[in-house]
Amino acid sequence: SIGRSVQPPTEKPGERRLAEMKKLYGVGASKIQAMETTMQLSFDRNCDKKQPNCMIK
Amino acid sequence: MSEWQKKTPLEWLTYMNKEVTVLAAEKHQYQGWVLTVDPVSANILLAHPLENGKMSISAVLGHAVQDVEIVAEAGDEMKEKLAHLFMPEERQRQRTKALIQG
Amino acid sequence: SNLSSLVTANPAELEREQEGRVALRKRYLRSLLAMTGRPVNFTMYEKVNVGALFGASDIDILNFQVSELKTPLGVQKEALLRCSDIIAYSFEL
């Protein structure tokens, strides 16, 4: 599609995520990313430790 | 994607600090002061003061929002209240208060 | 997330939109943190209401991890709620 650059295969997923965050949140990107990382870490940790059953229906 | 989910952040911002009625899926209705709209999920977060001095916080999920109608604009006191609801220092203050009251 | 409006925006508009998105997202993430460990009521589709202690959400707000989920069928110690099954949730602060 028009305007989409080809991503080099060596690019790390974290870098692409940061670039996306910069586009969305500008100078506030790192602050938002820090908050999101904290939340995702506790989500992952809880899921590992507690092994919740998926869903009730 | 619904009209609500397609709005831009600047459009969602115009709902902040407004009292709204939200019509949701399965004819559910919610009323409260708009705290925020999550720009990722379009979830709309409402605050509704209770008689016991607490706040009831409800969120209608973006995918379930059918219509949002503005009823009133918050005064300065309410704006201030809404702005500080989730601040870390405010949570700490409430936690300390809860500890003291046991 | 909504990228459509970024395409045509001029730099000043883009910046306003980014600042707006930061303000909105920050307050929502803070609300999720404030919800941790609290009893939350979930209104699910098909008139199902359940209560649980909130644990955490993933960053895309697709799943909520909860404990002590009270369902019409009994209590589930640990569970994941899919956000697409939820109409609304509420808690007291």
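These lines cover the structure that appears in this document, whether it is placed above or below. Keep in mind that what you see is a predicted model, and the values were worked out from it rather than measured.

What about the overall build of chain B?
For chain B, the count of helices and strands is four helices and five strands. Each helix and strand of chain B, ordered N terminal to C terminal, gives the series α-α-β-β-β-β-β-α-α. Relative to its 102 residues, chain B shows a buried fraction of 44%. Contacts in chain B between residues far apart in sequence, at least 24 positions, make up 48% of those at least 6 positions apart. Taken as a whole, chain B presents about 5,500 Å² of accessible surface, with 50% of it coming from carbon and sulfur.

Some details on the interface of chain B and chain C
Listed per partner, the contact involves 42 residues of chain B and 34 residues of chain C. Here chain B packs against chain C, burying approximately 3,300 Å² in sum over the two surfaces, 64% of which is carbon and sulfur. The interface formed by chain B and chain C includes two salt bridges. Taken together, the links from chain B to chain C amount to 13 residue pairs in polar contact (both at pLDDT 80 or more). Looking at the side of chain B that touches chain C, the elements that each hand over two or more residues are α2 (9–13), β2 (29–37), β4 (55–60), α3 (76–84) and α4 (88–101) of chain B.

Side note on the interface of chain A and chain C
Much of the literature gives interface size as the accessible area that the parts lose upon coming together. Contacts between the two partners involve 24 residues from chain A and, on the opposite side, 36 residues from chain C. Contact between chain A and chain C buries roughly 2,700 Å² in total, counting both sides, with carbon and sulfur atoms accounting for 70%. The interface formed by chain A and chain C holds one salt bridge in total. Residues C:R25 and A:E36 are paired through a salt bridge, measuring 2.8 Å at the closest nitrogen-oxygen approach. Elements supplying a minimum of two residues to the side of chain A that touches chain C: α1 (13–25), α2 (29–50) and β1 (53–54) of chain A.

Considerations on the side chain of B:S58
Here B:S58 lies in strand β4. Residue B:S58 is classed as buried on the basis of its relative accessible area, which comes to 9%. Setting aside residues no more than four positions away along its own chain, B:S58 makes contact with B:I44, B:L45, B:L46, C:Y89 and C:S90.

Topic: the nonpolar core
Core analysis: the biggest nonpolar cluster contains 44 residues, and B:I57, B:F86, C:L32, C:F42, C:F64 and C:Y89 have the highest contact counts within it. Looking at which element gives the most residues to this core, the answer is helix α1 (residues 11–35) of chain C, with six residues. Each of domain 1 (1–35) and domain 2 (36–93) of chain C contributes no fewer than three residues to this core. Listed in part, the 21 residues of the second largest apolar core include B:M16, B:L46, B:A64 and B:V68.

Things to note about the pattern of salt bridges
In total, this model carries eight salt bridges over all chains according to the counting rule given. Note that B:E3 and B:K6 form a salt bridge whose closest N and O atoms lie 3.6 Å from each other. Taken together, the residues B:E3 and B:K6, both in helix α1 (residues 3–6) and three residues apart, mark about one turn of the helix. Residue classification places B:K6 among the partly exposed residues on the basis of a relative accessible area of 43%. A salt bridge links C:D85 to C:R82; the shortest N-O distance between them is 3.4 Å. Residue C:D85 is classed as buried on the basis of its relative accessible area of 12%.

Considering unusual backbone geometry
Residues and elements named next belong to chain C. Positive phi outside glycine occurs at I61, with the angle close to 55°. Following the sequence through the fold, I61 ends up in the loop between β2 (48–57) and β3 (63–71). One non-glycine residue, E68, adopts positive backbone phi at about 50°. When you line up the elements, E68 lands in strand β3. The partly exposed category is assigned to E68, whose relative accessible area is 29%.

Rules of the game
- Residues numbered from 1 in each chain as written.
- Chains lettered and ligands numbered in written order.
- Predicted model: local features only at pLDDT ≥ 70, side-chain atom pairs only at ≥ 80, totals over all residues.
- Heavy atoms only, no water.
- Helix = DSSP H or I, 4+ residues; strand = E, 2+ residues; numbered from the N terminus.
- Buried < 20%, exposed > 50% of the residue type's maximum accessible area, 1.4 Å probe, protein only.
- Contact = heavy atoms within 4.5 Å.
- Areas by Shrake-Rupley, 256 points an atom, 1.4 Å probe, with all protein chains shown as cover.
- Buried area = accessible area lost by both parts, 1.4 Å probe.
- Salt bridge = Lys/Arg side-chain N within 4 Å of Asp/Glu carboxyl O.
- Polar contact = N/O pair within 3.5 Å; in protein donor to acceptor, adjacent residues only side chain to side chain.
- Core = buried A, V, L, I, M, F, W, Y, C linked by side-chain atoms within 4.5 Å.
- Domains from an automatic or database assignment.

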